[in-house]
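So you can see what is in the structure, the chains are spelled out below.
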Amino acid sequence: MGKKYSSNRFLKGAMVLTIAALVTKILSAVYRVPFQNIVGDIGFYIYQQVYPFYGIAIALSTYGFPVIISKMVAEKLEEDDEEGAKNVAVTSFLFLCIVGVAWFLLVYFGSGVIARWMGDPKLKPLLQMISLSFLLLAPLSIIRGYYQGKEDMVPTAVSQVTEQTIRVGTILLFSTILVSQGYSLYMTGNGALFGSITGGLGGLLVLLSFLTARKEKLFSRKYFSLPVGYIQIWSRLLKNGTAICVSAMLLVLLQFVDSLNVYSLLLSSGMEEVSAKTWKGIYDRGQPFVQLGTVVATSISLTIVPLVTNAYLKRKEDLVREYSQLALKISITIGFAATLGIINIMVPTNTMLFENALGSKVIAVFCLSIFFSCLILTFAGIFQGIGKIYFPAFCIVTGIFVKYLGNALLIPIMGIMGASISTVGSLSITAIMMLSYLRKLFPIRFFTFSFYKTLLMSGAAMTIGLQGLLQIYDTLLDKGMPDRPLSILFSLGGVGIGGAIFLVVLLRGNVLSREDISFLPFGSKWTWLMDKVQPNNK
């Protein structure tokens, strides 16, 4: 009989990966604030121009190829074929070596062309630095995928957190030293990008230590041969791995498009070089807001996949529909609250994080992306759960194409605001495409009128409260109070006050059940609050 793994162990493993993914996402968003404070908007522009290449590398080695490898390894283990599982891993390793080297050669030797396409030839050495991260693709993907196939998620989780921690530490350390020593911002950016190499090596050392400690001879010489059927393994990696990677790279691909044409379009529109770099850096301030705003949606997406998969495999369509609707309800609620809340307190928050309020309107429009990104992440999780991995990738590629055209059309007319609008437009189109197809597959019910009424009332109450708070903020600024300490007070106070108002009105509306709330982080605490604020429970 094949080896069977308990659903308990599977769900525990999924939770371990979820926690690791959330920690790495928070680290990836938060470090940008002190980094921007160290290097300024132009330094931030330089770094953000090249960052998407690292984002692609990390998506390939964390969310794309390991998932497919883990499935193939698990299939062999179900047949009690331990040797076959190792053969799958090593065969995949040989394929990913080719992929990693191809990416490295493309970026390294194409760095001059890419930099000129971006409109800034000085970025060439930075692109060459980041190209090295693709050489770590194969070993990171294989060991993570192998252990995930054995339903041992700890090595993957520890390596992800280690990789991001070392990377962030390297970025902040090198940027501080290089700026204080008077090096150019381009040299500082190169030093910061070196963090992708130190982080990747740190993550790899963690994975190798797990192999050594557990005496796993994964890279034994006897496995380094191409077994019968290797073409099928390589084909699954190419097709399925690429589809999952595209779904995981939504925000990174949007940043990639912006790197390619925002700065060059600003220049061609008549803006001076220094101003164009500064405004691109100011526009990039929006990235941490969106990343943090979608953290809970990411958690929901990662949680919903195993639940939907389990229900789908058991052919329980009603349960698939129920889980999907539940995930969408929470995603809409969280996305709406986060988007509206951030927009309301954008001016003090922008000042608190980035030292001034420049570009607050541009960033506020950009933050509408949070709502649509939350929906897309949830849709992608549902589609992955039912085995439809190609359609979300198609939708995202379509959205990226719309984004590129949107930049080309709107930036010459509207400046940097055009980039924000094109981002929101592309994400809304992507979300609508996914929703339409999901409703064809499963007749997902739109929620009741009372749900949307309560949601709007909660948002309106929060907005009134926060706008009142902002009036006090503006008055104190006019009286000469120091802007950054004041912005810290009102930003953090706004988060607490706005969040409390939204939650109380929402919970009093009785549109979320206990099961709905259990999906949220610290669900038991929200249930206790619901019991306190709902009139019928008093």
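Not measured: the values here are computed from a predicted model.

Conventions and cut-offs
- Residues numbered from 1 in each chain as written.
- Predicted model: local features only at pLDDT ≥ 70, side-chain atom pairs only at ≥ 80, totals over all residues.
- Heavy atoms only, no water.
- Helix = DSSP H or I, 4+ residues; strand = E, 2+ residues; numbered from the N terminus.
- Buried < 20%, exposed > 50% of the residue type's maximum accessible area, 1.4 Å probe, protein only.
- Contact = heavy atoms within 4.5 Å.
- Areas by Shrake-Rupley, 256 points an atom, 1.4 Å probe, with all protein chains shown as cover.
- Core = buried A, V, L, I, M, F, W, Y, C linked by side-chain atoms within 4.5 Å.
- Axes fitted to C-alpha atoms, helices over the stretch in contact; angles between N-to-C directions.
- Parallel < 35°, antiparallel > 145°, perpendicular 65-115°, else oblique.
- Nonpolar A, V, L, I, M, F, W, Y, C, P; charged D, E, K, R; others polar.
- Polar contact = N/O pair within 3.5 Å; in protein donor to acceptor, adjacent residues only side chain to side chain.
- Patch = residues over 30% accessible without salt bridge, like charges linked within 9 Å, V, L, I, M, F, W, Y side chains within 5 Å.
- Salt bridge = Lys/Arg side-chain N within 4 Å of Asp/Glu carboxyl O.
- Phe/Tyr/Trp six-rings, centres within 6.5 Å; stacked < 30°, edge-to-face > 60°.
- Lys NZ or Arg CZ within 6 Å of the ring centre and 35° of its normal.
- Arc of directions from axis to C-beta.
- pLDDT = per-residue confidence, 0-100.
- 1 Å grid on protein atoms, 1.4 Å probe; cavity = no way out; pocket = protein on both sides within 12 Å on 5 of 7 lines; lining within 4 Å.
- Points joined across faces, edges and corners; volume = space filled by probe spheres on them.
- Left-handed = near helix turned anticlockwise from the far one by under 90°.

**Here's the deal with the overall build of the protein**
Of regular secondary structure, the protein possesses 23 helices and zero strands. Looking at the protein as a whole, 55% of its 538 residues qualify as buried. Across the protein, every contact between residues at least 6 apart in sequence was considered, and the portion connecting residues at least 24 apart equals 83%. For the protein, the exposed area adds up to about 22700 Å²; of that, 68% sits on carbon and sulfur atoms.

**A look at the environment of Ile19**
You can see Ile19 is positioned in helix α1 (residues 7–30). Sequence separation of Ile19 and Ala157 is 138 residues, and the distance between their C-alpha atoms is 8.1 Å.

**Concerning the nonpolar core**
Membership of the largest hydrophobic core comes to 127 residues, with the highest contact counts inside it found for Phe35, Tyr47, Leu96, Leu123 and Leu237. Take this core: its biggest share by element is 23 residues, from helix α2 (residues 32–78). In this structure, Leu136, Tyr147, Phe210 and Leu211 belong to the second largest nonpolar core, which totals nine residues.

**Some points on the side chain of Ser61**
On the secondary structure map, Ser61 appears in helix α2. Take Ser61: its relative accessible area is 3%, and that puts it in the buried class. Not counting residues within four places of it along the chain, the set of residues in contact with Ser61 comprises Pro66, Leu137, Leu140, Ser141 and Arg144.

**Comments concerning the packing of helix α5 (residues 124–131) against helix α8 (residues 185–213)**
It is at 9 Å that the axes of α5 and α8 come closest, and there the two elements cross at 10 degrees. Comparing their axes, α8 and α5 come out roughly parallel. Contact with α5, carried on its side by Pro125, Leu126, Met129 and Ile130, involves Tyr186, Gly189, Asn190, Leu193, Phe194, Ser196 and Ile197 of α8 and no other residues of that element. Class assignment of the residues belonging to the contact of α5 with α8 gives a composition of eight nonpolar, three polar and no charged.

**What to know about the side chain of Gln148**
Structurally, Gln148 is set in helix α6 (residues 137–149). Classification of Gln148 as buried rests on a relative accessible area of 10%. A polar atom in the side chain of Gln148 sits 3.1 Å from the side chain of Thr156.

**Points about a nonpolar patch on the surface**
Together, Val101, Leu105, Phe109, Leu132 and Leu135 give the surface a local cluster of nonpolar side chains, amounting to about 440 Å² of exposed area. On the secondary structure map, Phe109 appears in helix α3 (residues 82–109).

**A look at the pattern of salt bridges**
In the structure shown here, the tally under the stated rule is five salt bridges. A salt bridge links Asp41 to Arg285; the nearest nitrogen and oxygen atoms lie 2.9 Å apart. Taken together, the residues span a long stretch of sequence, with Asp41 in helix α2 and Arg285 in the loop between α11 (273–283) and α12 (286–293) at a distance of 244 residues. We note that Asp41, like Arg285, is buried.

**As for the packing of aromatic side chains**
According to the stated counting rule, one finds 23 aromatic pairs in the structure shown. Between the NZ or CZ atom of Arg32 and the centre of the ring of Tyr51, over which it lies, the distance is 4.4 Å.

**Here we look at helix α4 (residues 111–118)**
Those residues of α4 that fall on the buried side of the exposure criterion are Ser111, Gly112, Ile114, Ala115 and Met118. End-on, the buried residues of α4 take up no more than an arc of 165 degrees, which puts them together on one face. Away from its buried face, by an angle of more than 90 degrees, α4 presents the exposed residues Val113 and Arg116. Buried residues belonging to α4 abut α2, α3, α5 and α10 (250–268).

**Comments concerning the confidence of the model for the protein**
Reading fine detail from the predicted coordinates is not recommended where pLDDT is low. Per-residue pLDDT for the protein has a mean of 85; in total, 87% of the residues score no lower than 70. pLDDT under 50 marks residues 1–7. Its contacts with residues more than four places away, or in other chains, come to 12 contacts.

**Notes on empty space enclosed by the protein**
Left-over empty space is what a probe sized like a water molecule reveals as it rolls over the atoms. This model, assessed by the stated rule, comprises three cavities of 30 Å³ or more. What the largest cavity holds in volume is close to 80 Å³. Contributing to the lining of the largest cavity are Tyr54, Ala57, Ile58, Ser61, Ser133, Phe134, Leu136, Leu137, Leu140, Glu163, Ser196 and Gly200. Secondary structure elements with two or more residues in the lining of the largest cavity: α2, α6 and α8. Among the elements that take part in the lining of the largest cavity, α2 stands out by supplying four residues, more than any other.

**With respect to the packing of α2 against helix α9 (residues 230–248)**
Two elements in contact, α2 and α9, have axes separated by 8 Å at closest approach and are oriented at 135 degrees. Comparing the axis directions of α2 and α9 gives the class oblique. Every pair of crossing elements has a handedness; the one defined by α2 and α9 is right-handed. Of α9, the residues touching α2 (which contributes Ala59, Leu60, Tyr63, Gly64, Phe65, Val67, Ile68, Ile69, Lys71, Met72 and Glu75) are Ile233, Arg236, Leu237, Asn240, Gly241, Ile244, Cys245 and Ala248.

**Observations regarding unusual backbone geometry**
Its identity as a non-glycine residue notwithstanding, Glu355 has a phi of 80 degrees, on the positive side. One can find Glu355 in the loop between α15 (346–354) and α16 (360–366).

**Let's talk about α12**
For α12, a buried count of seven out of eight residues is recorded, marking the element as mostly surrounded by other parts of the structure. Buried within α12 are the following residues: Gly286, Gln287, Pro288, Phe289, Val290, Gln291 and Gly293.

**Let's talk about the environment of Leu211**
By the secondary structure assignment, Leu211 is in helix α8. For Leu211, a relative accessible area of 6% translates into the label buried.

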